[in-house]
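# Structural features, examined
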Amino acid sequence: MSRSEGEREAGREWGRYDPERLAVYRLARRHTRAVGEVLRKANTHGFGDLVDDLRRTAKSITANIKEGYGEHRPGKKVNFYQIAKGSVTEAWGHTDRWWISASRRGKPTRRSGTSRTS
């Protein structure tokens, strides 16, 4: 196989690697965007640690699904998907903690008097 044939073969292999084919990956990306939107609109003052945790876990979900999709070894693939599932649970826990803490402090869920345009 010549160099150009090898490069074409590698290109075909890479073309098959499209995580957008996975509904769960598309859903995870929507989740990441939704988390970002909620955090932009919410009154997050005093919740810096939770905000960072939510952003980190949302990114971790998509990253691990994508990495698992590209993995060819079944055991490694499952491991990445399990990590993504764990990140979903972690994000859920952070969200619960944030809403409970905010309600106890009497903080509004939206910033009053401000509007954002994208």
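I will try to describe carefully the structure that is included in this document. As the structure is a computational prediction, the values presented were derived from the model and not from experiment. (Residues numbered from 1 in each chain as written. Predicted model: local features only at pLDDT ≥ 70, side-chain atom pairs only at ≥ 80, totals over all residues. Heavy atoms only, no water.)

## Brief notes about the pattern of salt bridges
- Applying the stated criterion across every chain, the model contains 6 salt bridges.
- Of the charged contacts in the structure, one is a salt bridge between Glu37 and Arg40, with a shortest N-O distance of 3.0 Å. With a gap of 3 residues between them, Glu37 and Arg40 both fall in helix α2 (residues 23–41), about one helical turn apart.
- Residue Glu37 is classed as partly exposed on the basis of its relative accessible area, which comes to 29%.
- Through salt bridges with shared partners, a single network forms among Glu37, Arg40 and Lys41. (Salt bridge = Lys/Arg side-chain N within 4 Å of Asp/Glu carboxyl O. Helix = DSSP H or I, 4+ residues; strand = E, 2+ residues; numbered from the N terminus. Buried < 20%, exposed > 50% of the residue type's maximum accessible area, 1.4 Å probe, protein only.)

## Things to note about the packing of α2 against helix α3 (residues 48–70)
- For the pair α2 and α3, the least separation of the axes is 9 Å and the interaxial angle reads 165°. Judged by the angle between their axes, α2 and α3 are roughly antiparallel. Taken as a pair, α2 and α3 cross one another with a handedness that is left-handed. On α3, the residues touching Val24, Tyr25, Ala28, Arg29, His31, Thr32, Val35 and Leu39 of α2 are Val51, Leu54, Arg55, Ala58, Lys59, Ile61, Thr62, Ile65 and Lys66.
- Split by residue class, the contact of α2 with α3 holds 10 nonpolar, 3 polar and 4 charged. (Axes fitted to C-alpha atoms, helices over the stretch in contact; angles between N-to-C directions. Parallel < 35°, antiparallel > 145°, perpendicular 65-115°, else oblique. Left-handed = near helix turned anticlockwise from the far one by under 90°. Contact = heavy atoms within 4.5 Å. Nonpolar A, V, L, I, M, F, W, Y, C, P; charged D, E, K, R; others polar.)

## Details of the side chain of His94
- Tracing the backbone shows His94 in helix α4 (residues 74–105).
- Residue class for His94 comes out buried when judged on its relative accessible area of 9%.
- Apart from the residues within four sequence positions on either side, His94 is in contact with Leu50, Asp53, Leu54, Arg56 and Thr57.

## Focus: the nonpolar core
- Within the largest apolar cluster, 10 residues are counted, these being Val35, Leu39, Ala42, Phe47, Leu50, Val51, Leu54, Ala58, Trp98 and Ala102.
- For this core, the secondary-structure elements that each account for two or more residues are α2, α3 and α4.
- When residues in this core are grouped by element, the largest group, 4 residues, is from α3.
- When near neighbours in sequence (up to four residues on either side) are disregarded, Val35 contacts Leu54 and Ala58. (Core = buried A, V, L, I, M, F, W, Y, C linked by side-chain atoms within 4.5 Å.)

## Notes on the environment of Arg55
- Examined against the element boundaries, Arg55 turns out to sit in helix α3.
- Residue classification places Arg55 among the partly exposed residues on the basis of a relative accessible area of 38%.
- Spatially, the C-alpha atom of Arg55 lies 8.6 Å from that of Ala91, the residues being 36 residues apart in sequence.

## Looking at the environment of Leu50
- For Leu50, the location among the structural elements is in helix α3.
- Residue class for Leu50 comes out buried when judged on its relative accessible area of 4%.
- In this structure, the C-alpha to C-alpha distance between Leu50 and Arg97, residues 47 residues apart in sequence, is 8.1 Å.
- Discounting chain neighbours no more than four positions away, the residues touching Leu50 are His94, Arg97 and Trp98.

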